[in-house]
Amino acid sequence: MRSAFIRSLVELAERDPRVVLLTGDLGFTVIEDFAERFPDRFFNVGVAEQNMLGVATGLAEAGFVPFVYSIATFATMRPYEFIRNGPLLHDLPVRVVGVGTGLDYGNNGVTHFALEDVALMRVQPRMMIVAPADPDQAQAAVDATSEVRGPIYFRVGKGAISIPELGGRFTPGRAELLRDGGDIAIVALGAAARIALDAADLLALSGIEAAVAVVSSFNPSPTADIAGLLDRVPAAITVEAHYVNGGLGSFVAEVVAEHGLDVRLTRSAVREMPCARSGTQQYLLEHYGLTPRLVADSALTSLALDGS
Amino acid sequence: MSEAATQMLATKIRRTILTQSKRANVGHIGSCLSIADILAVLYGGVLRLSSPDDGDRDRLILSKGHAALALYGALNAIGIVEDDLLETFCTDGSPLGTHPENVVPGIDFSTGSLGHGLSIGCGAALAARMQNSNRRTYVVVSDAECNEGALWEAVMFAAHHRLSSLTAIVDLNGQQALGYTRDVLDLSPLENKWRAFGWDVHNADGHDHVALESALSELDHEDAPHVVIAATTFGKGVSFMENQLSWHYWPMTDEQFSTAIAELETREA
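Residues numbered from 1 in each chain as written. Chains lettered and ligands numbered in written order. Predicted model: local features only at pLDDT ≥ 70, side-chain atom pairs only at ≥ 80, totals over all residues.

Asks: Honestly, the sheet that holds strand β2 (residues 137–142) of chain B in this entry has me stumped. Any pointers?
Replies: In a beta sheet, neighbouring strands pair by backbone hydrogen bonds and run either parallel or antiparallel. Residue and element names in this part refer to chain B. What the five strands build is an open sheet, ordered β1-β2-β3-β7-β6; its pairing is parallel. Because the sheet does not close on itself, it has two edges, and the strands there are β1 (59–62) and β6 (200–205). Strand-to-strand twist across the sheet, computed as the mean angle between neighbouring axes with direction ignored, equals 20°. Bridge analysis of β1 against β2 gives four bridges, and the strand direction is parallel. Among the inter-strand pairings, L60 is bridged to a residue of β2, identified as Y138. (Pairing = 2+ DSSP bridges. Helix = DSSP H or I, 4+ residues; strand = E, 2+ residues; numbered from the N terminus. Axes fitted to C-alpha atoms, helices over the stretch in contact; angles between N-to-C directions.)

Asks: Sorry, what's going on with the pairing of strand β3 (residues 65–71) of chain A here?
Replies: Within a regular strand, the side chains alternate between the two sheet faces. All names here are of chain A. Along β3, seven of the seven residues are buried, which leaves the element largely enclosed by surrounding structure. One ladder, built from five bridges, connects β3 with strand β4 (residues 95–99); its direction is parallel. Pairing of I71 across the sheet is with V99, part of β4. (Buried ≥ 20, exposed ≤ 12 C-beta atoms within 10 Å, placed from the backbone.)

Asks: What should I look at first to understand the domain arrangement of chain A in this one?
Replies: It is common to give the size of an interface as the accessible area lost on bringing the parts into contact. All names here are of chain A. If you check the domain split of chain A, you get domain 1 (2–156) and domain 2 (164–307). Computed from C-alpha atoms alone, the centre-to-centre distance between domain 1 and domain 2 is 26 Å. Across the contact, 30 residues belong to domain 1 and 30 residues belong to domain 2. The element that contributes the greatest number of residues to the side of domain 1 that touches domain 2 is helix α7 (residues 135–144), accounting for six residues. In terms of residue class, the side of domain 1 that touches domain 2 is made up of 16 nonpolar, eight polar and six charged. (Domains from an automatic or database assignment. Contact = placed C-beta atoms within 7 Å. Nonpolar A, V, L, I, M, F, W, Y, C, P; charged D, E, K, R; others polar.)

Asks: I keep staring at the environment of V170 of chain B and nothing clicks. Help me out?
Replies: Residues and elements named next belong to chain B. Its location among the elements puts V170 in strand β3 (residues 166–172). Remark: the alpha-carbon pair of V170 and T181, spanning 11 residues in sequence, is separated by 13 Å. With sequence-adjacent residues up to four places away left out, V170 is seen in contact with V141, D143, V227, I229 and A230.

Asks: Please explain unusual backbone geometry as it appears in this structure.
Replies: As a rule of thumb, non-glycine residues mostly have phi less than zero, and peptide bonds are mostly trans rather than cis. With an omega dihedral of 10°, the bond running from N219 of chain A to P220 of chain A counts as a cis peptide bond. You can see P220 of chain A is positioned in the loop between β10 (217–218) and α9 (223–230). Of note, the amide linkage connecting S188 of chain B to P189 of chain B takes the cis form, showing an omega dihedral of 0°. Within the fold, P189 of chain B resides in the loop between α8 (181–184) and α9 (190–196). A positive phi angle is found at T29 of chain A, which is not glycine, with a value near 70°. Relative to the assigned elements, T29 of chain A resides in the loop between β1 (19–23) and α2 (32–37). For T29 of chain A, a count of 8 C-beta atoms within 10 Å gives the class exposed. Backbone geometry at C90 of chain B places phi at a positive 65°, although glycine is not the residue there. Structurally, C90 of chain B is set in the loop between α5 (83–86) and α6 (117–130).

Asks: Teacher, can you tell me more about the nonpolar core here?
Replies: V68, I186, A188, A193 and A196 of chain A together with L39 and A70 of chain B are the most contacted members of the largest nonpolar core, which totals 189 residues. Here this core spans two domains, and each of domain 1 (2–156) and domain 2 (164–307) of chain A adds at least three residues to it. If we skip the residues at most four places from it in the chain, A193 of chain A touches A133, I163, L166, L178, A188 and V214 of chain A. (Core = buried A, V, L, I, M, F, W, Y, C linked by C-beta atoms within 7 Å.)

Asks: Would you explain the interface of chain A and chain B in this entry?
Replies: Counting residues at the interface gives 20 residues for chain A, matched by 19 residues for chain B. Of all the secondary-structure elements, those providing two or more residues to the side of chain A that touches chain B are α3 (49–61) and α5 (80–90) of chain A. Of the residues forming the side of chain A that touches chain B, the biggest block, nine residues, is contributed by α3 of chain A. Split into classes, the residues belonging to the side of chain A that touches chain B amount to nine nonpolar, eight polar and three charged.

What follows is the structure, given as C-alpha cells:
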C-alpha cells in the first residue's frame, strides 16, 4: 500500500506544484521515484521528526502542501505536540504519512507498532484521518483529499492485499458496506477489512449472515452510516489493528451510546502492550485475537450471549 | 528609522507591557521587558512589512511566546494592532492571551511551547528560497529555550540547507522560570555551540539599538543562517525588576506599578 500511496503522490505532485515530500530518513525503495522526479520538492530532513513537522508548518504557511513521511509511530508520537501546535493550530494543509500500521512491523517489535496513532489523531478536532483499506483505496484517498485545506493523517499499511469488494471507493466521512447481512455487523478499520470479510465467510458456514463495513476515515467520521448499520442488527464487532481504546472500537461505542442503539458491541483489538514477544505479523495478529477465525468466534460468543 | 525613533518605540512597548500586565494582573513582565529593545529595532526598520497580508513580507516568529505582550506592544506602536484590540488583552473572549496566536493581525505564527519556533522558521526560510522570494525570517528565542533538543534539530537543518535568509535572535537574559540558566542547565559557551553547528554568529548588547541594528542589518551576504546572541537584562527598564527571578511570574501591586511607570517616564524625559 505504501508504494501505491507514493505512486499517487507522484501523480499528484505532477499536477500540483504545491506538493512537497519530507522524510525523516525513511522510505527505502519507496520514495526514490518522487525524489528523482522532483528533486527540488524532496527533502530528507534526517532523523529529526519534530523539526520535520516544524519545517512542514513553515512551508505550508507559505502555500505549499507538505507530506511528511515516517514509520507511523515516529510520524505521530515523537512530533505530536508539533503537529498540534503547528498544522492543527494554524489549520494548514500538512499531510502526516505514517507507514506500518498496527502490528505490520512484526519482528521489529513494540517501538515500531502503531497501536495508538488513530486514538491520538482522533481526539484532535481538526485532524482528518485516512486509513485506507487497500492500495486502490489509498490512491483514491490521495486524490479525494488533495484540496482539503487543513491537516490530514494518512495511516498507510505495509500490506498490499486488495479488497475487490471495495472497488477502490473512498469518500471522507462515509463507511463502505462490503457485504450485507442482518445477524451481526462487523466493522473494520482500514486494512482489517480483509480479516472482517474472511470472518464473515466463516460465519456464513454456520448460517450466520454478517454485514461487513469498513471505516477508512475520521473527522469527518461515518457516524450516520455506522448508526444506520447498527440500528438493524442485534450485535456488532469492531476489528482493528490498534489498541482497544481510542480507535475504531471506541468510536463505534460512542455512536452506540449517543444514539441509544440496542446492540451488543464487542471490540476486537490489541488489549495489552505487545512487548517481550517477537514474531511475524501473522503470529502477533493470532496472539492478539485478530484473525478471521478468532473474530468469528467472538461473533458466535456475542450472539450466544444475545440469545441467552 | 533613527535611533531616537526606535528608542521611542521601545518606550511605547515598555509602557504597554506595564500598563496591560497591570490591568490584566498577569506576569511574564521581566521576559517581556528584556526583548523590548530587540522588537523596537526589528519593527523600527529591520523588518520589511508592507502589510500583514503581503505574502512576501518578512516573517517574525516569537518563539519565546510568553513574551507576547511585548509583541502586541510593538504591533500596536506601528499601528497593526489597534488600541481597542490591545485593551482586550487577557479579557474573556479576546484573541490576545499571554501567548500569541496567529489570528491576531501581524502575528505570523502561534507559539507558546518552547523549542518549536525555530523549526517553523526553517520551513518559512526554505519556502522563501523555493519561491525565489527575498523575504527574510526572524525567530526570537529565549536562552532557556536552548535547553530544548528540538531547537538543535532546527539549528542543524538550517545550517545544512544554508538558510541564509533565516536569523535567530537569542534573548540572553540569563534567567529561566526557576533559576539562573547557569545553575539550571548551563548553556555556555553558547556562542561556540551555534558556531560549531555552522551558523554565522554575531554578538550584540540587546539594549543597544545601534549595535542591534548593525548586527541585524548586515547579515545578507553570508552563506549560512545567522544568529544574534543579544545580551539582555531581565526586566530591563524597571530597576526593581532587573535580574530578579521573582518577576518571571508575579504581577505588580499598585505601588510597584506607579514606581515602574515613573521610572519609564524619567527615562523618556
